[in-house]
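What the coordinates show
Spelled out from the first residue to the last, the chains are:
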Amino acid sequence: MSNFVPTPDQRIAGQTAIVTGATSGLGRHFSQLLAREGCRVALVGRRENRLAEVETEIVRAGGECLSLTLDLEDPAAIADALVRIEQDFDAASILINNAAFPGLGYATRVPLETLDRVFATNLRAPFLLASGVARRLIALGAPGRIVNISSMSATHFTGRGDALYSITKAGLDRMTEVLSVEWARFHINVNSIAPGSFESEMTEEAILADRESFEGRFPRRRIGSTAHLDSTLLYLLDPRSEFVTGTIIKVDDGQFPR
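Now for a look at the structure at hand. These numbers come from a predicted model, not from an experiment.

Reading guide: rules and limits
Residues numbered from 1 in each chain as written. Predicted model: local features only at pLDDT ≥ 70, side-chain atom pairs only at ≥ 80, totals over all residues. Heavy atoms only, no water. Axes fitted to C-alpha atoms, helices over the stretch in contact; angles between N-to-C directions. Helix = DSSP H or I, 4+ residues; strand = E, 2+ residues; numbered from the N terminus. Parallel < 35°, antiparallel > 145°, perpendicular 65-115°, else oblique. Left-handed = near helix turned anticlockwise from the far one by under 90°. Contact = heavy atoms within 4.5 Å. Nonpolar A, V, L, I, M, F, W, Y, C, P; charged D, E, K, R; others polar. Core = buried A, V, L, I, M, F, W, Y, C linked by side-chain atoms within 4.5 Å. Buried < 20%, exposed > 50% of the residue type's maximum accessible area, 1.4 Å probe, protein only. 1 Å grid on protein atoms, 1.4 Å probe; cavity = no way out; pocket = protein on both sides within 12 Å on 5 of 7 lines; lining within 4 Å. Points joined across faces, edges and corners; volume = space filled by probe spheres on them. Phe/Tyr/Trp six-rings, centres within 6.5 Å; stacked < 30°, edge-to-face > 60°. Lys NZ or Arg CZ within 6 Å of the ring centre and 35° of its normal. Pairing = 2+ DSSP bridges. Right-handed = clockwise from strand over helix to strand, strands pointing away.

**Thoughts on the packing of helix H4 (residues 112–140) against helix H5 (residues 163–182)**
Where H4 contacts H5, the two axes come as close as 10 Å, and the packing angle between them is 15°. In terms of their interaxial angle, H4 and H5 are classed as roughly parallel. Crossing angle aside, the handedness with which H4 passes H5 is right-handed. For the pair H4 and H5, contact is made by Thr 114, Leu 115, Val 118, Phe 119, Asn 122, Leu 123, Pro 126, Phe 127 and Ala 130 and by Leu 164, Tyr 165, Ile 167, Thr 168, Gly 171, Leu 172, Met 175 and Leu 179, respectively. Class assignment for the residues of the contact of H4 with H5 results in 13 nonpolar, four polar and no charged.

Okay, structure coming up:
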């Protein structure tokens, strides 16, 4: 197995994928993308009505999915969800850790409950999900792909009240690196995607306030659409990307300094 190289006809169709934060933005888009690629998708989110919408869209398009209303701040609920996914589909071989809580506010003013929620959602939950998925794959002797959705804020800080979010995204990138080393011998690849400014619930308010000014800060005077991340995600999940692990790919259209 140490010299395993997938053949060109191998794809991700037929695999079970978990996507967190599946109710909106990148999570919703990634769920639909993976369903179109032939994956059985476990949709994880807090808002039951939004999950139902995504499930309906996927099923109508001929895809297969399972909706799980889940509070990622609850470790027991995470463990139960992994059992449910395995019972309904099989052990997940793809995990997209996308869910995040912004926790905006200056560091001197962040309430303790916000601090706990941001760390639980942005760091602890991805770790518990990744470890739970990896534990099952190791027992099965099967390869897997874990992709953590980071942010350019992990390495670029504006000072505008998102220190806590930036800290957790930097931690997520380091988690990517160390887990990729620990699980490399099991052929479980762990990578991160660090998007720049994309259309999302987090950026919606600023864009609506003054789109021209918002986009004007960037070299190409535009922000990303969710589809701009498709090729990067599929590249990292492709069995032929076996040699790519522990990598953080910046996808920001040159918006931020290098």
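This is not the end of the story, as more comes after the structure.
**Things to note about the nonpolar core**
Within the largest apolar cluster, 30 residues are counted, with the highest numbers of intra-cluster contacts made by Ile 18, Leu 70, Leu 72, Leu 95, Ile 146 and Trp 183. Mapped onto this core, the elements with two or more residues apiece are strand E2 (40–45), strand E3 (64–69), helix H3 (75–88), H4, H5 and strand E6 (188–195). Per-element accounting of this core gives the leading share, seven residues, to H4. Discounting residues that sit within four places of it in the chain, Trp 183 has contacts with Ala 130, Ser 131, Ala 134, Ile 138, Ile 146, Ile 188 and Val 190.

**Re empty space enclosed by the protein**
Rolled over the atoms, a probe sized like a water molecule indicates the empty space that remains. Applying the stated rule across the entire model yields one cavity of 30 Å³ or more. A volume near 50 Å³ is recorded for the largest cavity. Surrounding the largest cavity, Ile 18, Leu 82, Ile 85, Glu 86, Asp 90, Ala 91, Ala 92, Val 133 and Arg 136 form its lining. Secondary-structure elements contributing two or more residues to the lining of the largest cavity are H3 and H4. Of the residues that constitute the lining of the largest cavity, the class distribution is six nonpolar, no polar and three charged.

**Section: the packing of aromatic side chains**
With the rule as written, the count across this model stands at one aromatic pair. With a centroid separation of 6.2 Å and 55° between ring planes, the pair formed by Phe 218 and Phe 256 is classed as tilted. Residue Phe 218 is found in the loop between helix H7 (211–216) and helix H8 (230–237), and its partner Phe 256 is found in the segment after strand E7 (248–251); the two are separated by 38 residues along the sequence. Accessibility assignment for this pair places Phe 218 and Phe 256 in one class, buried. It is Arg 117 that lies over the ring of Phe 101; its NZ or CZ is 3.9 Å from the centre.

**Here we look at the pairing of strand E5 (residues 144–149)**
Counting buried positions along E5 gives six out of six residues, so the element sits mostly inside the fold. Pairing of strand E4 (residues 94–97) with E5, which is carried by four bridges, proceeds in the parallel orientation. If you follow Ile 96 over to E5, its bridge partner there is Val 147. This β-α-β element, E4 to H4 to E5, shows right-handed connectivity. In this structure, E5 lies alongside E6, joined through six bridges in parallel fashion. Bridge pairing in E6 places Arg 145 opposite Asn 189.

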